[in-house]
Amino acid sequence: MGHEVIRKEDLNPQDYLIEVKAPLVAEKLLPGHFVVLMTHPKGERIPMSVQKAENGNVTLFIKRLGKTSVELDKFKVGDCLENVIGPLGTPIDVKKYGNVVVCSDLVCGHAENYSICKALRQIKGNHVISMQTFPSKNMIYLEKELREVSDEYYITLEDGSYGIKGHYRDVLEKMLKEGKIDMVFAGGKMDAYVPLAKLTKEYNVPAMVTLRPIMVDATGMCGSCRVFVDGEMKLACVDGPMFDAHKINYEELLNRVKLFKKQEETAFEDYKKKVN
Ligand SMILES: Cc1cc2nc3c(=O)[nH]c(=O)nc-3n(C[C@H](O)[C@H](O)[C@H](O)COP(=O)(O)OP(=O)(O)OC[C@H]3O[C@@H](n4cnc5c(N)ncnc54)[C@H](O)[C@@H]3O)c2cc1C
Ligand code: FES
């Protein structure tokens with residue numbers, strides 16, 4: 001039983017795509033929702049954003065970071081995951097925003113941004129501008145697909161070898177200065193949200209960002225994903241993972257995500273010893 005792997009491919013040297021059969025999840029999944037994966041019955045539950053939920057399958061982009069993401073990379077087409085749980089979290093409000101920027105950078109965020117762009121573009125009156133940032137040309141993925149679901153598309157590379165040199169914030173800042181933007185959605189590196197929040201606040205443009213605190217149960221029971229938004233405690237797995245970028249307590253959030261670094265490193269080292 002379990003959830004069969006339908007497609008599996010490398011996106012770049014660090015990230016891979018995995019498409020998994022999960023008809024009950026795919027049927028109800030909306031942009032902004034996420035899922036939790038379990039590789040085996042005793043495995044940890046890892047939260048993942050979803051690029052597409054189509055034909056009874058969910059498509060995910062996974063970065064090889066530690067024990068579970070590397071373990072999952074060993075799954076081949078035809079193998080089965082123990083579980084795909086979802087949809088989880090609160091979906092975004094799919095409505096008319098006007099000129100809306102959907103951006104993602106280095107670490108991740110590209111998956112959910114695809115689903116957000118696709119949904120917002122179907123609403124009359126929205127002009128969807130997507131932006132991606134990568135370190136270098138060999139890390140690029142999803143460019144073609146994002147161009148297809150956006151009205152405008154920009155790519156920035158840190159090393160300047162393709163597209164525009166720099167970060168998507170540089171492109172966004174120019175547009176904000178020209179008064180062109182009504183709304184921003186962002187995913188990716190959480191510490192990059194601090195300058196993004198400052199920038200959008202300066203131009204009085206609302207921004208929603210996807211938070212990725214450590215999640216354990218991802219159903220609102222354990223409290224490990226708590227974040228403070230406008231001084232109020234929220235659970236990212238239930239109330240999020242997208243929140244108002246201008247109201248998040250980033251200092252507390254960024255300190256909390258470092259809490260389990262030691263345990264994660266130990267689990268990865270133990271796993272590598274076991275498989276080598
Ligand atoms: C809502 C949400 C959406 C996510 N979407 C994606 C995605 O699309 N692609 C992707 O590659 N990753 C995504 N992540 C992060 C992903 O869940 C972790 O990278 C993954 O759990 C790593 O597990 P690991 O055992 O391989 O690495 P570990 O060594 O356990 O961790 C590596 C790093 O991943 C983060 N992390 C670890 N465990 C968790 C956890 N249970 N919850 C949240 N973060 C964790 C930590 O920052 C840690 O430093 C998402 C996380 C959340 C909360
Ligand atoms: S992960 Fe346990 S409450 Fe959110």
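All values derive from a computational prediction rather than experimental measurement.

Asker: What exactly am I supposed to notice about the sheet that holds strand β10 (residues 127-134) here?
Answerer: Two modes of strand pairing occur in sheets, parallel and antiparallel, and in both the strands are linked by backbone hydrogen bonds. Spatially, β12-β11-β10-β9-β13-β14-β17 is the arrangement adopted by the seven strands of the open sheet, whose pairing is mixed. Every other strand in the sheet has two partners, leaving β12 (164-165) and β17 (242-244) as the edge strands with one partner each. Alignment of strand β14 (residues 207-210) against β17, held across three bridges, turns out to be antiparallel. When the sheet's bridge partners are listed, Val209 is paired in β17 with Phe243. Of the strands in this sheet, β9 (99-104), β10, β11 (152-157), β12 and β13 (183-187) are in contact with helix α5 (residues 168-177), which crosses β10 at around 150 degrees.

Asker: Help me understand the nonpolar core, please; the structure alone is not making it clear to me.
Answerer: In summary, soluble globular proteins display a tendency toward joint burial of nonpolar side chains. Counting 38 residues, the largest nonpolar core has Met131, Leu172, Ile181, Val209 and Leu211 as the members making the most contacts within it. Considering every element that reaches this core, the biggest residue donor is α5, with five residues. In this view, Leu211 contacts Met190, Tyr193, Val227, Pro241, Phe243, Ile248 and Leu253; residues no more than four positions away in its chain are not counted. Among the nonpolar cores identified, the runner-up in size contains 25 residues, and Phe61, Cys117, Met139 and Leu146 belong to it.

Asker: What am I meant to see in α5 here?
Answerer: Structural remark: α-helix, 3.6 residues per turn; residues separated by three or four positions point the same way. Among all positions of α5, only Tyr168, Val171, Leu172, Met175 and Leu176 are buried. The buried residues of α5 all sit within an arc of 135 degrees when viewed along its axis, so they share a single face. Counted as exposed and oriented over 90 degrees from the buried face of α5: Lys174 and Lys177. Directly after α5, the chain includes Gly179, whose backbone phi takes a positive value near 70 degrees.

Asker: What am I meant to see in the environment of Pro13 here?
Answerer: Looking at the secondary structure, you find Pro13 in the loop between β1 (3-10) and β2 (15-21). Separated by 51 residues in sequence, Pro13 and Arg64 place their C-alpha atoms 9.1 Å apart.

Asker: So what exactly am I meant to see when it comes to the environment of Leu88 here?
Answerer: Summarising the element assignment, Leu88 is placed in strand β8 (residues 83-88). Looking at Leu88, the relative accessible area reads 10%, which means it is buried. Sequence separation of Leu88 and Val25 is 63 residues, and the distance between their C-alpha atoms is 9.4 Å. Once you skip the residues sitting within four places of it in the chain, Leu88 turns out to touch His33, Phe34, Val35, Val36, Ala218, Thr219 and Cys237.

Rules used in this analysis
- Residues numbered from 1 in each chain as written.
- Chains lettered and ligands numbered in written order.
- Predicted model: local features only at pLDDT ≥ 70, side-chain atom pairs only at ≥ 80, totals over all residues.
- Heavy atoms only, no water.
- Pairing = 2+ DSSP bridges.
- Helix = DSSP H or I, 4+ residues; strand = E, 2+ residues; numbered from the N terminus.
- Contact = heavy atoms within 4.5 Å.
- Axes fitted to C-alpha atoms, helices over the stretch in contact; angles between N-to-C directions.
- Core = buried A, V, L, I, M, F, W, Y, C linked by side-chain atoms within 4.5 Å.
- Buried < 20%, exposed > 50% of the residue type's maximum accessible area, 1.4 Å probe, protein only.
- Arc of directions from axis to C-beta.

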